[in-house]
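Descriptive structure summary
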Amino acid sequence: MNWVILSFAMMLFVAANGLIARKLLVKGISGALINFINFFACFVFYLLFVFFSGGQLVLSFVQFLVVLSMSVFFDYLGNVFYMQSIARAPNPGYGLVIMKSSVMITTLLAVLFFNSEISIKSVLAIAVILFSATIIFLSGSGKPKREIAKNWILPSLAALFCFSFFSLAMKYILGQGIDSKVVLAYVSLILSVMFYLDVRKNGKIYFYDLSRGLRIILAIGILLSVGVSWLFAEAIKAAPNPGYVGAFDAASSALVVLAAARLFKDHLSFAKLAGVFGTVAGLIILLFWP
């Protein structure tokens with residue numbers, strides 16, 4: 001399937017999943033529990049899909065090491081560092097801006113490692129998207145919490161490189177001819193174990209205490225998580241440069257801003273609206289500018 005269609009679909013799923021996560025977090029459900037349930041459900045889904053489609057879950061020792069390493073050191077630790085940067089930064093938007101900047105690192109490193117496509121147009125488009133995302137993240141987020149504004153830059157940079165190398169590792173492992181659903185089954189299993197340990201450590205296992213309405217919202221989030229992981233993997237495999245997929249991920253912030261203004265009555269300032277139009281302009285440059 002065309003990588004642009006896959007990336008557009010992923011962008012929509014990422015935005016919807018972000019809104020679901022926000023709703024659950026506001027209701028007091030821990031992020032570790034949400035991640036554990038989502039990744040475990042993804043593991044079950046991909047395991048059953050591979051089984052009933054007649055596929056095999058066998059990986060070579062080297063392939064398994066790559067999947068294990070990218071799951072633990074890039075995806076899991078990337079999320080841990082990201083949460084640390086959000087908690088410590090004087091403004092939570094700072095950590096988001098640095099994390100989304102991983103798309104530029106991914107784009108440039110993909111040229112080095114995979115001889116991926118790159119052009120002045122694509123670099124300009126990604127720069128426009130990142131600049132627009134910066135406006136969205138940093139505008140209207142309240143006064144900086146200067147009393148905790150320390151030691152946030154290092155975890156933010158660590159998260160940036162973790163997410164960049166996760167995309168590159170995914171591009172590499174899928175380039176070995178392995179079915180994306182097999183890779184995702186292993187990644188989901190490893191991450192569900194890691195987040196389960198986090199949940200146990202925090203002593204917050206209360207899934208059965210959730211109301212029926214929250215369970216329905218969580219179930220929708222699970223379906224979206226399955227869709228996001230599959231669309232991301234397929235788009236990474238098909239795209240001329242994995243950084244282009246990251247550009248769509250960064251652009252999803254524009255959809256979240258518009259939807260949050262509608263659903264949660266969030267303030268939609270002129271600066272944020274300008275950022276939304278900027279992300280759209282960046283995508284147009286990336287896709288349609290000759």
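Residues numbered from 1 in each chain as written. Predicted model: local features only at pLDDT ≥ 70, side-chain atom pairs only at ≥ 80, totals over all residues. Heavy atoms only, no water.

**Some points on the overall build of the protein**
In terms of regular secondary structure, the protein is built from 11 helices and zero strands. Shown N-terminal to C-terminal, the secondary structure of the protein runs as helices and strands in the order α-α-α-α-α-α-α-α-α-α-α. Considering the protein as a whole, with its 290 residues, one finds that 48% of them fall into the buried category. Here the analysis covers contacts within the protein between residues at least 6 apart in sequence; of these, 87% occur between residues at least 24 apart. (Helix = DSSP H or I, 4+ residues; strand = E, 2+ residues; numbered from the N terminus. Buried < 20%, exposed > 50% of the residue type's maximum accessible area, 1.4 Å probe, protein only. Contact = heavy atoms within 4.5 Å.)

**Some points on the side chain of Ser229**
With respect to the helices and strands, Ser229 occurs in helix α9 (residues 212-238). For Ser229, the side chain forms a polar contact with the side chain of Tyr46, separated by 2.6 Å. (Polar contact = N/O pair within 3.5 Å; in protein donor to acceptor, adjacent residues only side chain to side chain.)

**Section: helix α11 (residues 270-288)**
In this model, α11 (19 residues) spans 26 Å end to end at C-alpha, consistent with the 27 Å of a helix rising 1.5 Å per residue. Within the sequence span of α11, burial applies to Lys272, Gly275, Val276, Gly278, Thr279, Gly282, Leu283, Ile285 and Leu286. Where α11 is buried, its residues touch α1 (3-26), α6 (120-138) and α10 (242-263). (Expected span 1.5 Å × (residues − 1).)

**A few points about the pattern of salt bridges**
In a structure, side chains of opposite charge can pair up when their charged atoms sit close to one another. Here the structure, examined in full by the defined rule, presents three salt bridges. Across the salt bridge formed by Lys201 and Asp198, the nearest N and O atoms sit 3.7 Å from each other. With Lys201 and Asp198 both in helix α8 (residues 180-202), this residue pair falls three residues apart, about one helical turn. A relative accessible area of 13% places Asp198 in the buried class. Note that Glu234 and Lys237 form a salt bridge whose closest N and O atoms lie 3.5 Å from each other. With Glu234 and Lys237 both in helix α9 and three residues apart, the pair spans about one turn of that helix. (Salt bridge = Lys/Arg side-chain N within 4 Å of Asp/Glu carboxyl O.)

**Structural notes on the packing of helix α7 (residues 153-174) against α9**
Running from N to C, α7 and α9 cross one another at 70°; their axes reach a closest spacing of 9 Å. With respect to α9, the axis of α7 lies roughly perpendicular. Across the interface between the two elements, Phe166, Ser167, Met170, Lys171 and Leu174 from α7 touch Phe232, Ala233, Ile236 and Lys237 from α9. Partitioning the contact of α7 with α9 into residue classes produces six nonpolar, one polar and two charged. (Axes fitted to C-alpha atoms, helices over the stretch in contact; angles between N-to-C directions. Parallel < 35°, antiparallel > 145°, perpendicular 65-115°, else oblique. Nonpolar A, V, L, I, M, F, W, Y, C, P; charged D, E, K, R; others polar.)

**A closer look at a nonpolar patch on the surface**
A cluster of nonpolar side chains, Phe40, Val44, Leu48, Phe51 and Phe52, forms an exposed patch at the surface whose accessible area comes to about 540 Å². Taking the relative accessible area as the measure of exposure, Phe51 reaches 62% and is therefore exposed. (Patch = residues over 30% accessible without salt bridge, like charges linked within 9 Å, V, L, I, M, F, W, Y side chains within 5 Å. Areas by Shrake-Rupley, 256 points an atom, 1.4 Å probe, with all protein chains shown as cover.)

**A word on the environment of Leu48**
Assignment of secondary structure puts Leu48 in helix α2 (residues 31-52). A residue is classified by how much of its surface remains accessible, and Leu48, at 42% relative accessible area, is partly exposed. Distance from Leu48 to Ala185, taken between C-alpha atoms, is 9.4 Å for residues 137 residues apart in sequence.

**Structural notes on the side chain of Lys171**
By the secondary structure assignment, Lys171 is in helix α7. Put simply, Lys171 is tucked away with no salt bridge, and the nearest opposite charge, on Glu117, sits 10 Å away. (Lys, Arg positive; Asp, Glu negative; His and termini not counted.)

**Details of the confidence of the model for the protein**
Counting all residues, the mean pLDDT for the protein is 85, and 88% of those residues have values of 70 or more. Scored below 50 in pLDDT, residues 145-149 makes six contacts in the model with residues more than four places away or belonging to other chains. (pLDDT = per-residue confidence, 0-100.)

**What about the packing of aromatic side chains?**
A complete count under the given rule lists 14 aromatic pairs for this structure. Plain terms: the ring middles of Phe8 and Phe248 are 5.0 Å apart, the flat faces sit at 75° to each other, and that makes the pair edge-to-face. Residue Phe8 is found in helix α1, and its partner Phe248 is found in helix α10; the two are separated by 240 residues along the sequence. The partly exposed category is assigned to Phe8, whose relative accessible area is 33%. Pairing Phe36 with Tyr196 gives two aromatic rings, centres 5.3 Å apart and planes at 50°, and the pair type is tilted. (Phe/Tyr/Trp six-rings, centres within 6.5 Å; stacked < 30°, edge-to-face > 60°.)

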